[in-house]
Every structure is written in C-alpha cells, then in structure tokens.
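# Chains, contacts and geometry: an overview
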Amino acid sequence: MPIIKKYSVKVSEIKNPLPDLYEVTFKSNDKSFSFLPGQFLHLALDPYSPSEPWPESRCFSIRGYGDEGNGDEGNQRQLRIIFSVKGSFTRRMQNEMKVGSTVTLKMPYGDLFSRPQLMSQIHTHSSIILLAGGTGITPFLSLFSSNQFSQYLSPTLYLGVKSKSHHIYGPELLLAQQKNPSLKTKILVETDEGGAGCDFERYSYERGPLDIKNIFSNHGPNSTYFISGPPSMIKNFRGYLLEQGLDPSKIITDDWQ
Amino acid sequence: MLDSQVTSWINNYYKKNFKEKNFGYGGGKKFIPGKDPIRYAGRVFDQEELLKLVEASLDFWLTEGRFAEEFSVKIAEYLDVNNVMLTNSGSSANLLAFTALTSKRLGDRRLLAGDEVISVAAGFPATVTPIIQNGQIPVFVDIDLQTYNINIEMLERAISNKTKAIFVAHTLGNPFNLQAVMDLAKKHNLWLIEDNCDAFGSYYNERPTGTFGDISTMSFYPAHHITTGEGGAVVTNNEELAKIVRSFRDWGRDCYCNSGENNTCGKRFSQQFGTLPSGYDHKYVYSEIGYNLKMTDLQAAIGSAQMDKLNEFCRRRVENFHAYQEIFSPYSKYFIQPLATANSSPAWFAYIVTLNKNTAPFTRDQLVKHLNDHLIETRYMFAGNITRQPCFTEREQEIKYRIADHLDNTDYIMNNTFFLGVYPGLSAEMLDYVSKVLKDFITSF
C-alpha cells in the first residue's frame, strides 16, 4: 500500500441526514490527501504526539474527497467519511466532534479494489457485483467517484436500506450512472416507512432484505462479489458463497470488528 | 519543532565542530596536500542533519515514526513510486527484495530451491549472497569493460529453463542497459531486481533507476549518495511484493501495524490463520519466515535531511567524475576510462578506471600503492571476481553456482581496476593534488 501518513485535520462540515448517521468532512492542515478507491483510514480523537504510541482509533471507509467527481485528484485537502453511532468510540465522535475540532487521521489502508489476484477481473472490469448494506456503500461511493470506475463493464450494485428515507445516496448514484452508464443498480428496502430520500423512480427497487441466494442465482460463480456492510451480513453472505463452491478469491469483503 | 535556543546552539556546534573541519560541500577547511587525506567517500552533511537528529532524539521514539514517514515520502516523491520500505541497511534491502520472491503468495512465479538467478561476479557480495542464502543458484555473467555492467549478449545466452530472475546492480552508479535487460526479463517471464544501492540519482532514458524492475533496493551507508549511517530501502510499485517485503522485514508477521499501533486492520481478534485458534491475536500471526530489519526514526531523520540535498550531491558527483576524466585523459593510452551506458545519466558512485596492461609500464597495484602513500584513498572493484573469494573457494562443495561462458573481463578488472572517490566532500584543490600525484607517478616511468 502507499506510504501511510498521519494528518492533523480540522472538521469542516458535519451533516446528520438520519438519526445516528453522520457525514463528516475533514480539511487537512498541511498535506494533501491521497488514496485509492475502497481504502480506509484510522481516526483518533485524542491528540497524537510523535513521542507517544498512536492513540485509540477506529477504521472508517473513505467516502471521497471534498468535491464530488474528483476522486482521482492527487492534490485534495478535503476528505469525507460516514459513520453510524454504534459503540463508545462513535458515541464520542458524535459528542466531541464539532466544526473546527482537530482530530488525527492515519491513512490510507486497504486494497479492496486493487488486490493483485483481482487484477485480471479488474482489467476486464467485468462481472463485478457490489453488495452494500446501508452505510456499507461507502467504499463503493469512493469507487464511483473515481475515474477508474468508467472502465468497469456492466457492474451491478445491490444496496440494502432499512427504508426509503435511509437511501440518502441518490446524488452519488446519479453521478455514478453518468460516469458509467452500464452500471445497474437495485435498491432493496426493508420497510416502506419514511419519505423518499431520493428519486426512487429512477432505480429498480424491491421490498425486502438483500438476498444472497437470489443474487448468486442471477450472477453465478464467474462473478466477483464485493460485500460491505454489517459484520453479520458479511459473514452470512461469504459463508453462503463459499458453500456454493465459489473460489475465495472471488469474495472480497470490507469488514472490521 | 526545536526551540530557537536549541537550534542556535546546534547551528553553532555544527559550525565549530564540523564545517570548519570539512572540505567540499558545506565545508570551509583549506586542504593541505600531503597532510590531509583524500577519502574515497564519506558522510556529507550540514546543520540540518544535526537539527533533525536532535529533534528525533528528543521525540525519543526509538523505532519507525514520523521521520520514517517523512523520509519515505521524500523517496517516493523523488522516484514517483508507491511503496518505500525502509530497512537497516542496503544489504538487508537486497536480502528482503530477493527473499520476497520466494514467498508462496507468488504462486507459480515464486523462486524455489535450485532455480537459477542471473547475476554478476564483479560486484558487491550483497547482490549475490541472498541468492545463495535462499537456496537458488547464481549464474554469473561477465561484464563489459568501460561500463562495468552485465554483458547483454552473454546474459541472453545464460538464460536457461531454470532461470527465474535477474538480480544485478547499476555498477558504481552507471545504469546497466535497462531496455535490453527488461526486454529479456519480459520475454522469458523473469523477475528483475534492480540493485540501485550505488545509483540513487542516476537516470536511464530520463527516468530514475530503481523504477524499472519489479523491485529495487537502495543503500544509505555513508559511502552512498545520501546517508543515514546504516540504512537502506526496498522500493516497488507491485502491491503484492510490497506486502511480502514488509512481512519479511517485520519478523514475517501478517500484521502491518507500525510500532506503537494496534488493530490497524480492524480485525485483530476475528480472523483464523493456519491451524491457530480462531481469533488468535493478529499481531502474532506469522505468514513468512522473516527477520527484523527495520530502520529507526533517528536514522530516518538524517535521511530526510539528506534527501533535500540529493540533487546537489549528484550534481557534484558528476562534476567530480568529469574532472577525473580530464585528469586521466592525457594518459588514456595507459587506461581504459569509464563510459556511461547509452541513454543514461549516471550519478556516479566513483571514478573507476582500468589499466591497459598491454601498454601501461606499471601495474595497478604499483599505482594504487603510490596513491595511497600520498594519502589518496582508492578501492578495488568490490569483490573483483566473487567466485575467487574465500567465501566461495572454501565452500566449493557447498555453494552451487554456474559461470555462463567465461568471466574473462571479470578477472581482468579484478587484476587491473580501481576506483577513486567522487563524493561531494572533495574540493577542487584535492582533485588538483590527485592530478599532480598521478602525473608524478606516470612520468617517473
């Protein structure tokens, strides 16, 4: 992976589109950010000193640079992440991060879309199935905003959300479609409650959870499956695909404890 | 950041204890011929290295830290590469670069015991020893006089169905014929390791050496273009090789946390490896049989300051090299003077010259003795012919190797070649003195 750098950053914007869901934009105090689609960062709330061990931190997928559609620019000073409040650290983030707060980032990590064994698939850019559970869509958003996404042949995104109001990714998916018109998107909605967060008429959507059996029967063992979402979803989906005899190298996951 | 009082003190200390005692770059001492030695190489620095070193020591972060990041980034930006793995020496870098190719993660392309690796016998041992240490068979190819680099025609003939890799150095800063070697590597699906230890700052086809092969290595020993004292680096744009090198460098572990960090992968206790219990601490999972060959932040701090001087250092090395070309040119009938490889701009490590034994009325050893008696340091061409070294001759039954065709030129340079320093610590007065001593010697015959 590229050289890991530590960044002292200021929180420049916080959006709260849903209860306990936040989108945060950071601005670097000095260095430009540089990352590949699908990579993640570590965020530390406590001050970092080079004389001390790295403080407590958590992993977050990088959503993109500050400006939409400039995913591959090498000279960006703004970065965005999404987080859900799930545990004590994200609760601290919710309580302590305000616009103007300083935190430290360490990045970039991960090779979700650049693993060597994927290179043949990536070079053909075909048969790529992207399975996202809720905010698990984040690493895919960074792919969609990158220039390399236009090289993918007919990728398919399955996005599972709790309700229509939880689908807040309309603008990004619109841009993704413009970047790669061969992208097919299917939204699966668990409940009908809540107003539309975006134009659902634009997408194919169904009522119900993401169903790996259904998805696999549609796309088969020659596809490569990227799975990003809650740990239980990743575990269940991976387990099912392996039971179907899929080569482990064709199951790529973005998961943390 | 150091406070102004400390900075001022260090600046004064540098001026009093180093600047006034050094020659060449950053120095101010007047050279006294016959009294002051002319070294072939050495550290060249100013107060910036001391300032960074003090800053690093006051951090008291004793392993890789912020200066390792800073230094790595500077190297990466200079070479325009993605991965820079700092090591504790160039020899360790060579060991890691080569050993990485034995990893099972490389599947069919991994090197196995008995595979052949093309190299040269006329070089530094650290380009050869990893091959033997890993159980592969070095195949020694002769070199060209004047460029001192691997002979391409002989290289092609040396390739067999057992050949899996080429591991050669850019001799004394002079790039080998990268186009031809890359073509052969591609044609025969061979790994190419560029030993760039003596050539940081050299260019081939207007591109830095160390950026052509699958993987390359660098040395920061004081004789080299920049120094960290002991130190080196492995460089690659191949992400898989980078991961493997890091693993071998860091005890063979699967974890990629830096010192003082935990759970960088976010899955520290939730994976299963080998037949270990599920959830075994990822910090203690080992996927390779590795070493600990990391650099400290103190060394990296020096390296970071040195990187800011690399271009100037290289410029002076080239200038000194050309000065030696002029010094030796009146006697060109006695010497084979060095020649830059076509399409290259070497950042010379040294001025290397070979006696024409058919015309010279003296021997190399006579000349070298004369120079050294006059406090002018010289060196022979590293191991000369490594197969004649005791580490080989005393292990004839143990070390397997093959000589492709012959090593006639290798033996010739072993007997007739030496080099002089071109490092930035030389002054014009020193070069004038070398010229005088050389002239006095030659005209005495």
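Placed above this text is the structure.
Remember, it's a predicted structure, so these values are computed and weren't measured experimentally.

### Quick look at the overall build of chain A
Of the regular secondary structure elements, chain A holds 6 helices and 12 strands. Taking all 257 residues of chain A together, the buried fraction comes to 53%. Taking contacts inside chain A between residues at least 6 apart in sequence as the whole, the part at least 24 apart equals 70%. Of the roughly 10,900 Å² of accessible surface on chain A, a fraction of 48% belongs to carbon and sulfur atoms.

### Comments concerning the pairing of strand β4 (residues 163-169) of chain B
Residue and element names in this part refer to chain B. The buried count for β4 comes to 6 of 7 residues, which makes it a mostly enclosed element. Pairing between strand β2 (residues 116-120) and β4: 3 bridges, direction parallel. Paired with Ile118 across the strands is Ile166, a residue of β4. Between the parallel elements β4 and strand β5 (residues 191-195), the chain passes through helix α7 (residues 178-187) in a crossover that is right-handed.

### Topic: the packing of helix α10 (residues 310-328) of chain B against helix α14 (residues 428-443) of chain B
Residues and elements named next belong to chain B. α14 packs onto α10 with a crossing angle of 25 degrees between their chain directions and a minimal axis gap of 10 Å. Comparing the axis directions of α10 and α14 gives the class roughly parallel. For the element pair α10 and α14, the recorded crossing hand is right-handed. Across from Asn320, Ala323, Tyr324, Ile327 and Phe328 in α10, the residues of α14 making contact are Leu431, Val434, Ser435 and Leu438. Here the residues of the contact of α10 with α14 sort into 7 nonpolar, 2 polar and no charged.

### Here we look at the sheet that holds β5 of chain B
Backbone hydrogen bonds hold the strands of a sheet together, and the pairing may be parallel or antiparallel. All names here are of chain B. An order of β1-β9-β8-β5-β4-β2-β3-β13 is seen for the 8 strands of this open sheet, with the pairing classed as mixed. The open sheet has two edge strands, β1 (83-87) and β13 (402-403), and neither has a second partner. Running at roughly 150 degrees to β5, α7 makes contact with β4 and β5 of the sheet. Each of β1, β5, β8 (215-219) and β9 (232-236) touches helix α8 (residues 239-249); the most contacted strand, β1, lies at about 15 degrees to it.

### Brief notes about unusual backbone geometry
The phi torsion of most residues other than glycine is negative, and most of the peptide bonds are trans. A cis amide bond links Met107 of chain A to the next residue, Pro108 of chain A, at an omega of 0 degrees. Note that Pro108 of chain A resides in strand β6 (residues 102-109).

### A short note on the nonpolar core
One broad rule of soluble globular proteins: the nonpolar side chains tend to lie buried together. Residues and elements named next belong to chain B. In this structure, Ile75, Leu86, Tyr324, Phe328 and Phe335 are the most contacted members of the largest nonpolar core, which totals 62 residues. Setting aside chain neighbours within four positions, we find Ile75 in contact with Val84, Leu86, Met218, Phe220, Val235 and Met307. With 36 residues, the next largest nonpolar core counts Ile166, Ala180, Leu190 and Phe419 among its residues.

### Some details on the interface of chain B and chain A
Contacts between chain B and chain A engage 26 residues on the former and 22 residues on the latter. For the chain B and chain A pair, buried surface summed over both sides reaches about 2,100 Å², with 51% attributable to carbon and sulfur atoms. At the surface where chain B touches chain A, the tally comes to 4 salt bridges. Salt-bridge contacts for Glu261 of chain B lead to Lys106 of chain A; the nearest nitrogen and oxygen are separated by 2.9 Å.

### Regarding the sheet that holds strand β6 (residues 203-204) of chain B
All names here are of chain B. Ordered in space as β7-β6-β11, the 3 strands form an open sheet in which the pairing is antiparallel. Only two strands of the sheet have a single partner each, and these edge strands are β7 (207-208) and β11 (344-345). Of the pairings in the sheet, the one linking β6 to β11 comprises 2 bridges and is antiparallel in character. Bridge pairing in β11 links Tyr204 to Ser344.

### Some thoughts on the packing of aromatic side chains
All names here are of chain B. Throughout the structure, instances matching the rule amount to 43 aromatic pairs over all chains. Ring centres 6.1 Å apart and planes at 65 degrees place the aromatic pair Tyr14 and Phe45 in the edge-to-face group. Taken together, the residues Tyr14 in helix α1 (residues 4-17) and Phe45 in the loop between α1 and α2 (47-59) connect sequence positions 31 residues apart. Between Phe98 and Phe167 the ring centres are 5.9 Å apart and the planes differ by 10 degrees, which places this aromatic pair in the stacked class. Within this pair, whereas Phe98 is found in helix α4 (residues 90-100), its partner Phe167 is found in strand β4, the two being separated by 69 residues in sequence. When its relative accessible area of 0% is taken as the criterion, Phe167 is described as buried. Grouping aromatic residues by their ring pairs yields a cluster made of Phe321, Tyr324, Phe328, Tyr334, Phe335, Trp348, Tyr351, Phe362, Phe441 and Phe445. Residue placement shows Arg109 over the ring face of Trp191; its charged tip is 3.8 Å from the ring centre.

### Here we look at α7 of chain B
Residue and element names in this part refer to chain B. The set of residues buried in α7 consists of Leu178, Ala180, Val181, Leu184 and Ala185. Looking straight down α7, one finds its buried side chains confined to an arc of 165 degrees; they lie on one side. Facing away from the buried side of α7 by more than 90 degrees, the exposed set consists of Lys186 and Lys187. Packing partners of the buried residues in α7 comprise α6 (152-158), β4, β5 and β6. Once α7 ends, the next one or two residues include Asn189, with phi positive near 55 degrees.

### A short note on the environment of Asn94 of chain B
Residues and elements named next belong to chain B. Looking at the secondary structure, you find Asn94 in helix α4. For Asn94, a relative accessible area of 1% corresponds to the buried category. Residues Asn94 and Met218, spaced 124 residues apart in sequence, show a C-alpha to C-alpha distance of 8.2 Å. Discounting chain neighbours no more than four positions away, the residues touching Asn94 are Ala126, Thr127, Pro130, Phe167, Asp195, Cys197 and Thr217. Within polar-contact distance, the side chain of Asn94 engages the side chain of Thr217 at 2.6 Å.

The rules we used
- Residues numbered from 1 in each chain as written.
- Chains lettered and ligands numbered in written order.
- Predicted model: local features only at pLDDT ≥ 70, side-chain atom pairs only at ≥ 80, totals over all residues.
- Heavy atoms only, no water.
- Helix = DSSP H or I, 4+ residues; strand = E, 2+ residues; numbered from the N terminus.
- Buried < 20%, exposed > 50% of the residue type's maximum accessible area, 1.4 Å probe, protein only.
- Contact = heavy atoms within 4.5 Å.
- Areas by Shrake-Rupley, 256 points an atom, 1.4 Å probe, with all protein chains shown as cover.
- Pairing = 2+ DSSP bridges.
- Right-handed = clockwise from strand over helix to strand, strands pointing away.
- Axes fitted to C-alpha atoms, helices over the stretch in contact; angles between N-to-C directions.
- Parallel < 35°, antiparallel > 145°, perpendicular 65-115°, else oblique.
- Left-handed = near helix turned anticlockwise from the far one by under 90°.
- Nonpolar A, V, L, I, M, F, W, Y, C, P; charged D, E, K, R; others polar.
- Core = buried A, V, L, I, M, F, W, Y, C linked by side-chain atoms within 4.5 Å.
- Buried area = accessible area lost by both parts, 1.4 Å probe.
- Salt bridge = Lys/Arg side-chain N within 4 Å of Asp/Glu carboxyl O.
- Phe/Tyr/Trp six-rings, centres within 6.5 Å; stacked < 30°, edge-to-face > 60°.
- Lys NZ or Arg CZ within 6 Å of the ring centre and 35° of its normal.
- Arc of directions from axis to C-beta.
- Polar contact = N/O pair within 3.5 Å; in protein donor to acceptor, adjacent residues only side chain to side chain.

That's the geometry; what it means functionally is another story.
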